[in-house]
Amino acid sequence: MELTTTTLSQNPVSESMVNTSFKVTENKVFIRLRNRVCDTADELLASGLCREIIRRAIQHLKKRNSILLGVFGAQGIQEPQIELLIQTLQLLAKMPADLVMRVQNGAEVFLKDRNLFNDFVEQIYNYWRTFDRFIICDSEGDGLDKRPFRTFNETIENLTHLVRKIYRDIQENVVSTHPRIYRQVSAGAEIAAIALRKDIPYPAGAYQALNQIPIIRQILLYPPLVLNPPMNKRKGRFERVSENPMDFVSLDREEWLCYPAKVGSLLILIYFHQKFFELGLSLCNLFELAGDEDLNRRPDAVYLCGVPEGGLERFGPFPTVFYDDEQNGMLVGAIPNREEFGYFGYLKKMVLTLHNVRKIQAGRMPFHGALVKVFLKGNKQATLLMMGDSGAGKSETLEAMRELGEEYIQDMIIIADDMGSLEITPSGEILGYGTETGAFLRLDDLQPGYALGQIDRAIIMSANQINARIILPVTTFEHVIKGHAVDFVLYGNNYENIDEDHPIIERFKNEEESFKVFREGTVMSKGTTTSTGLVHTYFANIFGPAQYKEEHEKVAKRFFSAFFKRGLFVGQMRTRLGMAGWERKGPEEAAKELLRIIRGI
């Protein structure tokens, strides 16, 4: 279905809503404003957005041949009847049904069967809440980003309270009773963002077009946020191309936003089309939002998520691509505006690919894995790096260790949940850094009850499908960028069983043996991508090392040599996460053994 666009300020009742507009797709509502949203029931019910939702709700009921349409009686459902319905609702928001029928000609048709009309109102209310609902506060010239709490209170909070109030007032005036149970559901927008245009010091030429796109400064969301994006898996990898995608794209300012992400020590500006708004705004649970001072420098990379048709076709049928602009010292990533790319993994993993390429170029070793610092009771600590592909059991083992080790563990600090990089100091110490402050986790692999325990901060995606995911904040940006001395480097082996020759945790004897296992990157696929079965990926990381293999090979050999020279514990951990029946028990046993080794027993 094509976008339907209406400017709310065209309605004379809504004069206070200057510079406010909306767009509605099949399952999303976008409200852009610079002033405020409706203050009264009359304003809201007379707005173009309310009319559009009511029309769509009626069409939805028509497709079902619903009995609720009986509220229109024999008069049919044409524009005059819809207008009469809205006028009736405006009055019902202020006075009882009996009085409404006296002052509004024709209202008696709707109120003939009041229980049926009450159900009809409930259906419209529920239909509105099936949409993913976004408010974008364009603060250009208004300074709304200087007072974000006030701005959010005057927009998303007011709209939420007003919608609920109208719904409750109408129902009470229709059935003449008060509810005994009140549910404070999210009835307004689910996410609001303050965004403004800012001049980034981009190079001359095609990059200057990006300065027309508003950059997000603050975000407010109502968790738990449950989203159902069009895809629940990622496929392919991000290919390096020899031409700059910026030279072939055209961006409409009204359809794009930018999330400026601090990815470890890097600044990556992520531009996303409104088709992927729910994915782009969900980045707030994954990456630190850059501050004003960060935006005074040229970014390390830009990413265009949702390039319009015609912009990337020259790069092949599956153009998930990036370009190394060596002349300007920037990377440029891009994916098309197509349903098949409507998965959060395409946002996250491209950003991390750009990060990893930058780190390889700087002589650091990127890793695909989890990095955590464990503090044991008795003043003992260890920093663990667990490398491995998606589904290897890294996050699951760490969470099991947290659950099982309460007797011994004083604290655990997550430095990296999925990606990070290593540095060798002049003294030979190995320091680890992270990238994300959040985690993008498979619901099926979490400990029972863990997701529910975190639901007040969660963004949940594809909850009823395979590879259902949850995005949670798990650490602070200060921990991510501090630099922590690494003690253990483990490979997550999720495919081998345990016996006398294959212990749960096996320490490698030498650099060559360990390098071979890490380099092969073997894993039993867990269905997080379209690959299945036992797969091999260069260093379990198709996000940068595979595209810069020659450069990465030199970097990796230097680091593995440094691991053994420094005396780090380098080995593999058999989590058995990819084996049937061991999805939870495997990581639990691995966690127990890891805890035993750390304690020195």
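It should be noted that the structure appears before, not after, this text.
Residues numbered from 1 in each chain as written. Predicted model: local features only at pLDDT ≥ 70, side-chain atom pairs only at ≥ 80, totals over all residues. Heavy atoms only, no water.

Colleague: Outline the sheet that holds strand β21 (residues 459-461), supporting the account with residue identities and numerical values.
Modeller: Whenever strands of a sheet pair, they do so through backbone hydrogen bonds, lying parallel or antiparallel. Spatially, four strands are ordered β7-β21-β22-β20 in an open sheet, and the strand pairing comes out mixed. Across the chains shown, the open sheet's two edge strands, defined by having one partner strand only, are β7 (225-227) and β20 (438-442). Sheet twist, expressed as the average angle between the axes of neighbouring strands with direction ignored, equals 20 degrees. Pairing analysis gives three bridges linking β7 to β21, with the strands arranged parallel. What sits directly across from V226, in β21, is I460. (Pairing = 2+ DSSP bridges. Helix = DSSP H or I, 4+ residues; strand = E, 2+ residues; numbered from the N terminus. Axes fitted to C-alpha atoms, helices over the stretch in contact; angles between N-to-C directions.)

Colleague: Please provide a residue-by-residue account of the packing of helix α2 (residues 48-64) against helix α3 (residues 79-92), values included.
Modeller: Two elements in contact, α2 and α3, have axes separated by 11 Å at closest approach and are oriented at 120 degrees. Accordingly, the angle class assigned to the pair α2 and α3 is oblique. Crossing handedness for the pair α2 and α3: right-handed. Mapping the contact onto sequence places R51, I54, R55 and I58 in α2 and E79, I82, E83, L85, I86 and L89 in α3. (Parallel < 35°, antiparallel > 145°, perpendicular 65-115°, else oblique. Left-handed = near helix turned anticlockwise from the far one by under 90°. Contact = heavy atoms within 4.5 Å.)

Colleague: Provide a residue-level description of helix α14 (residues 549-566), including the pertinent values.
Modeller: An ideal rise of 1.5 Å per residue puts 26 Å on 18 residues; α14 measures up with 25 Å between its terminal C-alpha atoms. For α14, the set of buried residues is H552, E553, V555, A556, F559, F560, A562 and F563. One or two steps after α14, the chain reaches G567, where phi turns positive at roughly 85 degrees. (Expected span 1.5 Å × (residues − 1). Buried < 20%, exposed > 50% of the residue type's maximum accessible area, 1.4 Å probe, protein only.)

Colleague: Tell me about unusual backbone geometry, residues and numbers included.
Modeller: Residue P224 follows P223 across a cis peptide bond; omega there is 0 degrees. Its place among the elements puts P224 in the loop between β6 (215-221) and β7. You will see that S176, though not glycine, has its phi angle at about 60 degrees, which is positive. Secondary-structure assignment places S176 in the loop between α7 (148-175) and β5 (191-196). Exposure remark for S176: the relative accessible area of 56% places this residue in the exposed category.

Colleague: Can you tell me about the side chain of R56, naming the residues and giving the values?
Modeller: Within the secondary structure layout, R56 lies in helix α2. Residue classification places R56 among the buried residues on the basis of a relative accessible area of 10%. Only 2.7 Å separates the side chain of R56 from the side chain of E52, close enough to count as a polar contact. (Polar contact = N/O pair within 3.5 Å; in protein donor to acceptor, adjacent residues only side chain to side chain.)

Colleague: Let's hear about empty space enclosed by the protein: which residues, and what values?
Modeller: Evaluation of the coordinates by the stated rule reveals three cavities of 30 Å³ or more. Approximately 410 Å³ is the volume found for the largest cavity. Every residue lining the largest cavity is counted, 22 residues in all, and those nearest its centre are L44, L45, C50, W128 and V163. Secondary structure elements with two or more residues in the lining of the largest cavity: α1 (41-46), α2, α6 (114-129) and α7. Classifying every residue of the lining of the largest cavity gives 21 nonpolar, one polar and no charged. (1 Å grid on protein atoms, 1.4 Å probe; cavity = no way out; pocket = protein on both sides within 12 Å on 5 of 7 lines; lining within 4 Å. Points joined across faces, edges and corners; volume = space filled by probe spheres on them. Nonpolar A, V, L, I, M, F, W, Y, C, P; charged D, E, K, R; others polar.)

Colleague: Please set out the packing of aromatic side chains residue by residue, giving values where relevant.
Modeller: Under the definition given, this model contains 28 aromatic pairs. Measuring from ring centre to ring centre gives 5.3 Å for Y127 and F131, while their planes differ by 90 degrees; the resulting arrangement is edge-to-face. Residue Y127 shares its accessibility class with F131, and that shared class is buried. Taken together, a centroid distance of 6.4 Å and an interplanar angle of 90 degrees make the contact between Y343 and Y346 edge-to-face. Given the relative accessible area of 5%, Y343 is considered buried. The buried category is assigned to Y346, whose relative accessible area is 2%. A connected cluster of aromatic rings, assembled from ring pairs, spans Y491, F508, F515, F518, Y538, F539, F560 and F563. (Phe/Tyr/Trp six-rings, centres within 6.5 Å; stacked < 30°, edge-to-face > 60°.)

Colleague: Explain helix α13 (residues 511-520) to me, using residue names and the numbers behind them.
Modeller: Of the residues making up α13, those classed as buried are S514, F515, V517 and F518. Buried positions in α13, seen along its axis, are confined to an arc of 165 degrees and lie on one side of it. Among the exposed residues of α13, those oriented more than 90 degrees off its buried face are E512 and K516. Packed against the buried residues of α13 are β16 (380-387), β24 (488-493), α14 and β28 (569-574). Two or three places before E512, at the opening of α13, N510 has a side-chain oxygen 3.2 Å from that residue's backbone nitrogen. Count one or two residues on from α13 and you reach G521, which has phi positive near 60 degrees. (Arc of directions from axis to C-beta.)

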